[in-house]
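Analysis of the macromolecular model
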Amino acid sequence: MSMRQHWEGVYNSKQLSEVSWYQPIPSVSLAFLEELAIEKDAAIIDVGGGDSLLADHLLEKGYSDITVLDISSTAIVRAQKRLGVKAGRVNWIVSDITGFVPGRQYVCWHDRAAFHFLTTKEQVAGYFSVAQKAIPPGGKIVIGTFSETGPSVCSGLPVKQYSESSLTGLVKKWFKKIKCLETDHITPFNTLQRYLFCSFKRINA
């Protein structure tokens, strides 16, 4: 089964509140964007955003240039239906991030819970190859991924765990660390997942 088939299966069989990463309010992500002082008209891409509620909250806060990218078309359609007429204010892209060809650049790249599903060196290299093209010098990237004490499996797939030093070391060629913190996420099943969130600034190529 391909990654796309896997995720279509997940979104076809579970509702939004039935997936482990569900958050009614993505408070950590929103706090990072606020601390980074992302302008309301800045181009923001939510990588692996699926039908998460980040886009909803960004629209409510007045952000006007939002893109949501996900490998699952089912997830995108669900988010569009939920947002109704507001969906027209969001750019929607169905793509595997490792093969995405950005047609523009983004001042802020956000990823919560997608990056840790990339478990091979080739996948990680593909991810950051895209990020280098999509984020201009001075642009910001926020990655929320499983910490060293986080799960080793999620949604039936193996995942990769990171420490602050391992994630920072992985991106130091292209990005300078701004801030990292670990935070606990309580799933809808009342289990705990430990996340590492880090923000970075794109350095000159």
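First, a word on what this report is: a plain description of the structure on this page. (Residues numbered from 1 in each chain as written. Predicted model: local features only at pLDDT ≥ 70, side-chain atom pairs only at ≥ 80, totals over all residues. Heavy atoms only, no water.)

Here the focus is the nonpolar core. Generally speaking, a soluble globular protein has its nonpolar side chains buried in company with each other. Counting 38 residues, the largest nonpolar core has Trp7, Trp21, Ile38, Leu58, Ile66, Val68 and Trp92 as the members making the most contacts within it. Of all elements in the fold, only helix H1 (3-13), helix H2 (27-35), helix H3 (54-60), strand S2 (66-70), helix H4 (73-83), strand S3 (90-94), strand S5 (140-146) and strand S9 (192-202) reach the threshold of two or more residues within this core. The contacts of leucine 58, once residues within four sequence positions are left out, are Leu30, Leu33, Ile44, Tyr63 and Ile66. Counting residues in hydrophobic clusters, the runner-up holds 28 residues, among them Ile97, Tyr106, Ala131 and Leu167. (Core = buried A, V, L, I, M, F, W, Y, C linked by side-chain atoms within 4.5 Å. Buried < 20%, exposed > 50% of the residue type's maximum accessible area, 1.4 Å probe, protein only. Helix = DSSP H or I, 4+ residues; strand = E, 2+ residues; numbered from the N terminus. Contact = heavy atoms within 4.5 Å.)

Read from one edge of the open sheet, seven strands run S3-S2-S1-S4-S5-S9-S8, paired in mixed fashion. The open sheet has two free edges, formed respectively by S3 and strand S8 (175-186), since each of these has just one partner strand. Averaged over all pairs of adjacent strands, the angle between strand axes in this sheet comes to 15 degrees, irrespective of strand direction. Of the strand pairs in this sheet, S5 and S9 are connected by seven bridges, and their pairing is antiparallel. Bridging from a neighbouring strand, lysine 140 pairs with lysine 201 of S9. Running at roughly 35 degrees to S9, helix H6 (residues 164-171) makes contact with S5, S8 and S9 of the sheet. (Pairing = 2+ DSSP bridges. Axes fitted to C-alpha atoms, helices over the stretch in contact; angles between N-to-C directions.)

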